[in-house]
Amino acid sequence: MLEIDKMGKVLHPMVKDSISSHIEQGAMPVVKGIIVHQTDSSTASGTLSSYANPNANGAHFLIDKDGTIYQTASVFKKTYHVGRLRSRCLAEMTCEPAELKIAQKWDVAGTHKREMKKAVPERYPSNSDSIGIELVGKAYPVADKKAPPVFEAATPEQNSALKWLVRELRETLSVPLTEVYRHPVVSYKTPSEAESASW
Ligand SMILES: [Zn+2]
């Protein structure tokens, strides 16, 4: 169990305080899930300094390649780290026939709007109810120019820090293991983002 102060800051020697109010977007009363990301930057300092920008978006935690964990936003505040949700019933093949017909149409904005009328676990966790964890890692272009870039692998140090952080956050905030996702599973992102992350 993590000790969390009333501002939403984790009090633990393994978590460094680098909270930036610029990426915080209002209260998040309940946490339903955890989304794992990669930054598309090769250093932690690049990401941390970008969070000082007044219009910055980010997630709640950042894990450097050496496993150092930074807290970048209060766990009681929303951050914009997820984007538009995919249809969960379509991915899990549990849609009712009427919704299946609608969900199969390519309509990113409409799908997100429909999903947000549901509650987790009928939809994926969203900006409004999930913690985001970023791993420092860059996406590199591949030879096929039409193919999406490919993220570098998470380091063993990042994965052991991630494992610890996910376990502690899950225990402290009562998040089931089934509600922890890689970003491209829940939204429309580069497929290899966080592919090598494990928790
Ligand atoms: Zn992401």
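Use the structure listed above.
Values in this document were obtained by computation on a predicted structure and should not be read as measured data.

Thoughts on the overall build of the chain
Here comes step 1: What the chain contains, in helices and strands, is six helices and eight strands.
Here comes step 2: The buried share of the chain, taken over its 199 residues, is 36%.
Here comes step 3: A separation of at least 24 residues holds for 74% of the contacts in the chain among residues at least 6 apart in sequence.

Looking at helix 5 (residues 156-173)
Here comes step 1: Taking 1.5 Å as the rise per residue, helix 5 with 18 residues should run 26 Å; its terminal C-alpha atoms sit 25 Å apart, in good agreement.
Here comes step 2: All of the buried residues along helix 5 are Gln158, Ala161, Leu162, Leu165, Val166 and Leu169. Down the axis of helix 5, the sector holding all buried residues measures 135 degrees, keeping them to one side. Seen from the open side of helix 5, the exposed residues pointing more than 90 degrees away from its buried face are Pro156 and Glu171.

Brief notes about the pairing of strand 5 (residues 130-135)
Here comes step 1: With six of six residues buried, strand 5 is to be regarded as a mostly interior element.
Here comes step 2: Judged from the six bridges that link them, strand 2 (residues 33-38) and strand 5 form a sheet pairing that is parallel. Counted as the bridge partner of glutamine 38 is leucine 135 from strand 5.
Here comes step 3: Note: strand 3 (residues 61-63) against strand 5, three bridges, orientation parallel. Pairing of leucine 62 across the sheet is with glutamate 134, part of strand 5.

Re the environment of threonine 43
Here comes step 1: Position of threonine 43 relative to the elements: it lies in the loop between strand 2 and helix 1 (44-50).
Here comes step 2: Considering only alpha carbons, one finds threonine 43 and alanine 103, 60 residues apart in sequence, at a separation of 38 Å.

Structural notes on the sheet that holds strand 4 (residues 69-71)
Here comes step 1: Strand order in the open sheet made by the six strands is 1-4-3-5-2-8, with mixed pairing throughout. In the strand order of this sheet, the two ends are held by strand 1 (15-17) and strand 8 (180-182), each with one partner. Across this sheet, the average inter-strand angle for adjacent strands is 25 degrees, counted without regard to direction.
Here comes step 2: As defined by bridge partners, strand 3 adjoins strand 4 across three bridges and the pair is classed as antiparallel.

Quick word on the environment of glutamate 24
Here comes step 1: Looking at the element boundaries, glutamate 24 is found in the loop between strand 1 and strand 2.
Here comes step 2: Glutamate 24 sits 48 residues away from threonine 72 along the chain, and the two C-alpha atoms are 9.0 Å apart.
Here comes step 3: Residues within four places of glutamate 24 in sequence aside, it is in contact with Ala73, Ser74, Lys77 and Thr79.

A short note on the nonpolar core
It is characteristic of soluble globular proteins that their nonpolar side chains tend to be buried jointly.
Here comes step 1: Among the nonpolar cores identified, the biggest contains 30 residues, and Ile34, Phe61, Ile63, Ile133, Leu162 and Leu165 are the most heavily contacted of them.
Here comes step 2: Among the elements that take part in this core, helix 5 stands out by supplying five residues, more than any other.
Here comes step 3: In this view, isoleucine 63 contacts Ile69, Ile133, Leu135, Val136, Gln158, Ala161 and Leu162; residues no more than four positions away in its chain are not counted.

Cut-offs and rules
- Residues numbered from 1 in each chain as written.
- Predicted model: local features only at pLDDT ≥ 70, side-chain atom pairs only at ≥ 80, totals over all residues.
- Helix = DSSP H or I, 4+ residues; strand = E, 2+ residues; numbered from the N terminus.
- Buried ≥ 20, exposed ≤ 12 C-beta atoms within 10 Å, placed from the backbone.
- Contact = placed C-beta atoms within 7 Å.
- Expected span 1.5 Å × (residues − 1).
- Arc of directions from axis to C-beta.
- Pairing = 2+ DSSP bridges.
- Axes fitted to C-alpha atoms, helices over the stretch in contact; angles between N-to-C directions.
- Core = buried A, V, L, I, M, F, W, Y, C linked by C-beta atoms within 7 Å.

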